[in-house]
Amino acid sequence: MDLAFFLQLAVTGVTTGAIYAAVAMGFVLVFRVTGILNFAQGELLMVGGMLIISFRGAGWPLIAAIPATIALVFLLGCAVYAFALGPAIKRGTNISLLLITLGLSQIMQGLAQLGWGSDPRYTPDFTPTDRPLALFNVSITSQSIWIMGGVLVALGVTYVVLERTGIGRALRASSIDPMMARLSGINVRLVSLIAFGAAGALAAVGGLLLAPVIGMTYATGSLIGVKGIAAAVIGGFGSIPGAIVGGIALGLLESIASLISTGLQTGISLLAVVLVLLVLPNGILGDRRIKTAEGV
C-alpha cells in the first residue's frame, strides 16, 4: 500500500462525504429553525435524483435540467412544511412531528415507486470521458469532480444567503434566539417554510450529482438519509460547519472500512455516531444548547 493508494481512498471518501454533507446540512438547517428532525430529507434527495434522470432522458440539457430539479425539490420541501408539518406544529408533540416525517418518507417512497418503478434508473456522467483524470497516480472520475465542485458551490451559495441576505439574517436570528426574533417582527412561519425549501434544494443537489454514480431507486433516499443524520450527529447536530465536517469524516471512514468489506459501511456509520457521542456528547462542533424557532 503506497501513498497513491491512500490518496485514492481519500478522494473516494471526500466524494462520498460531500453528498452526506449536503444532506446533513439540510437536516441541521430544518432542525435549527423548527426543532423538527425531518426523516423525509433522504426522500427529497431521491426525488432530485429521479428528476434529473427523467429530464435528461427527455433530452433536456444540463443547463436546464439542473436548475429545474433544484427548483422543483425546493418547492416540494416547502410543500412538506406548508401542508403537513406547519399545521401540526402548534398542536403536535416532538414524537408526533417525528412520526409525520416518517409517514411522509414512506408516502414519497410509495409515490416514487408508482411513478418511476422499482428497477434502478441510470443517467450518464455529466461529462462523459474515455478515462478518469490521473493526478499523482490517483484516478478521479469526471463525476467525482462534479460532485465535489457542485457541493462546494452549494456551500458557497448557502453561506452567501445566510450571511449576506435579509432572509439569511432572519434564518440565523430565528435559530439563535427565537423569542427575540418573534419580538423583532420576523415571520417565523415563513422562515420555517424557507428552511424546508432550502433543505430540499440541498438534498436535490446531492441527488442530482449522485444519480450518474449509482442506480437510483425509490428506496435510495432512506439509506443516504441515515448517513446524513449520522454525519450531522458526528459534526454536532445544530452546526452547519459541523454537518460539513461530519459528512467528510463519515465518507473517509466508510472509504477505509471498504478495505475490509463494503457491507461494513453502514455499520461503521452507526458505530462512529456512538463513539463520537461517548467522547463528545455534542458532536465535533455542536452547540451545548440549541434553541428552535418553533419552540418544540
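The structure this text deals with has already been given above.
Just so it is clear, the model here is predicted, and its values are computed rather than measured. (Residues numbered from 1 in each chain as written. Predicted model: local features only at pLDDT ≥ 70, side-chain atom pairs only at ≥ 80, totals over all residues. Heavy atoms only, no water.)

Caption draft 1: Representation of the packing of helix H3 (residues 62–89) against helix H8 (residues 188–210) in the model. In the contact formed by H3 and H8, the axes pass within 7 Å of each other and the chain directions differ by 140°. One finds that H3 runs oblique with respect to H8. Crossing of H3 over H8 shows right-handed handedness. (Axes fitted to C-alpha atoms, helices over the stretch in contact; angles between N-to-C directions. Helix = DSSP H or I, 4+ residues; strand = E, 2+ residues; numbered from the N terminus. Parallel < 35°, antiparallel > 145°, perpendicular 65-115°, else oblique. Left-handed = near helix turned anticlockwise from the far one by under 90°.)

Caption draft 2: Spotlight on the pattern of salt bridges. Overall, the coordinates contain one salt bridge when judged by the stated rule. The partner of lysine 227 in a salt bridge is glutamate 254, with the nearest N and O atoms 2.9 Å apart. Of this pair, lysine 227 sits in helix H9 (residues 220–235) while glutamate 254 is found in helix H10 (residues 240–257), placing the two residues 27 residues apart along the sequence. Exposure class is identical for lysine 227 and glutamate 254. Each is buried. (Salt bridge = Lys/Arg side-chain N within 4 Å of Asp/Glu carboxyl O. Buried < 20%, exposed > 50% of the residue type's maximum accessible area, 1.4 Å probe, protein only.)

Caption draft 3: Structural detail: the packing of aromatic side chains. Scanning all chains against the criterion turns up five aromatic pairs. Here tyrosine 81 and phenylalanine 196 contribute two aromatic rings whose centre-to-centre distance is 5.3 Å and whose plane-to-plane angle is 35°, an arrangement assigned as tilted. On the criterion of sequence distance, the pair formed by tyrosine 81 in helix H3 and phenylalanine 196 in helix H8 is long-range, its members being 115 residues apart. Exposure remark for tyrosine 81: the relative accessible area of 4% places this residue in the buried category. Using a relative accessible area of 1% as the deciding quantity, one classes phenylalanine 196 as buried. Plain terms: the ring middles of phenylalanine 126 and tryptophan 146 are 5.1 Å apart, the flat faces sit at 90° to each other, and that makes the pair edge-to-face. Highlighted residues: phenylalanine 126 in the loop between helix H4 (94–116) and strand S1 (133–135) and tryptophan 146 in helix H5 (residues 142–164), separated in sequence by 20 residues. Its relative accessible area of 7% is what places phenylalanine 126 among the buried residues. According to the relative accessible area criterion, tryptophan 146 is partly exposed, its value standing at 30%. (Phe/Tyr/Trp six-rings, centres within 6.5 Å; stacked < 30°, edge-to-face > 60°.)

Caption draft 4: Geometry of helix H6 (residues 166–176). Gly168, Ala170, Leu171, Ser174 and Ser175 are the residues of H6 that are buried. One side of H6 holds all its buried residues, which, seen down the axis, span an arc of 160°. (Arc of directions from axis to C-beta.)

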